[in-house]
Amino acid sequence: LHRQAEQTCRQLVRIQEEHERLLQAAVEQAEGLEHNLRSAEAVLAERAAQLKDAQAQISRNKLLIEDLREENRGFAMALQVAELKQKSTEEKNQLLEEQASALKQLIGKITPASLSG
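Every value quoted in this text rests on a predicted model; they were computed, and no experiment measured them.

> I'm lost on the overall build of the protein chain in this one. Help?
In terms of regular secondary structure, the protein chain is built from 1 helix and 0 strands. Its C-alpha atoms give the protein chain a radius of gyration of 49 Å, more than 25% over the compact-globule value 13 Å for 117 residues. Taking the principal axes of its C-alpha atoms as reference, the protein chain extends roughly 165 × 20 × 15 Å. By residue count, 0% of the 117 residues in the protein chain fall in the buried class. For the protein chain, the exposed area adds up to about 11,000 Å²; of that, 60% sits on carbon and sulfur atoms. Side chains of the protein chain give 16 positive and 19 negative charges; the mean places of these two sets differ by 5 Å.

> What exactly am I supposed to notice about a nonpolar patch on the surface here?
Together, L103, L106, I107 and I110 line one region of the surface with nonpolar side chains, adding up to about 390 Å² of accessible area. Positionally, L103 belongs in helix 1 (residues 2-116).

> Even after reading the chapter, I still don't get the UniProt feature "coiled-coil region" (unreviewed entry) in the protein chain, so can you show me in this structure?
As recorded in UniProt, the sites labelled "coiled-coil region" (unreviewed entry) are residues 5-106. Strand forms 0% of residues 5-106 and helix 100%; the C-alpha atoms that close the span are 146 Å apart.

> Which parts of the structure should I look at to understand the pattern of salt bridges?
Side chains that differ in sign of charge can pair as their charged atoms come close. Enumeration according to the criterion identifies 4 salt bridges in this entry. For the salt bridge of E18 with R21, the shortest nitrogen-to-oxygen distance reads 2.5 Å. On the criterion of helical spacing, the pair formed by E18 and R21 is a turn pair, its members being 3 residues apart in helix 1. Owing to a relative accessible area of 48%, R21 belongs among the partly exposed residues under this scheme. Of the charged contacts in the structure, one is a salt bridge between R73 and E70, with a shortest N-O distance of 2.7 Å. A residue pair is termed a helical-turn pair when its members lie 3 or 4 positions apart in one helix, as R73 and E70 do in helix 1 at 3 residues. The exposure class of R73 is partly exposed, given its relative accessible area of 41%. On the accessibility criterion, E70 (47% relative accessible area) is partly exposed. Ionic contacts of the salt-bridge type, sharing partners, join the residues E66, E70 and R73 into one network.

What counts, and where the lines are drawn
- Residues numbered from 1 in each chain as written.
- Predicted model: local features only at pLDDT ≥ 70, side-chain atom pairs only at ≥ 80, totals over all residues.
- Heavy atoms only, no water.
- Helix = DSSP H or I, 4+ residues; strand = E, 2+ residues; numbered from the N terminus.
- Rg over C-alpha atoms; globule rule 2.2 N^0.38 Å.
- Buried < 20%, exposed > 50% of the residue type's maximum accessible area, 1.4 Å probe, protein only.
- Areas by Shrake-Rupley, 256 points an atom, 1.4 Å probe, with all protein chains shown as cover.
- Lys, Arg positive; Asp, Glu negative; His and termini not counted.
- Charge placed at Lys NZ, Arg CZ, Asp CG, Glu CD.
- Patch = residues over 30% accessible without salt bridge, like charges linked within 9 Å, V, L, I, M, F, W, Y side chains within 5 Å.
- Salt bridge = Lys/Arg side-chain N within 4 Å of Asp/Glu carboxyl O.
- UniProt positions renumbered as here; feature names shortened; annotations may be inferred.

Following this line, the structure appears as structure tokens:
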């Protein structure tokens, strides 16, 4: 009975040592998982900050694009005005050229008559 008690005691000690070893392995695994989790959280926080910065940049870019569109509309209107002025100037120039040509013809007719008279 004594030997059997000793065997049982040794067996219990082995079982307890095995449980302690398994517990230590589980604790180490949990610590590793906790470390991995903290690392993942840090990476996610950094990525979230990057995305927030990117979103802010996109918002700024949208405002700049809208400003450029507004400026572009102003330039388009100014170009239309300039084109209308140019067309008007070309029409006036054409009229002046026609008048100059008519005057040259008139002078051409008057000059020979005054020279002969």
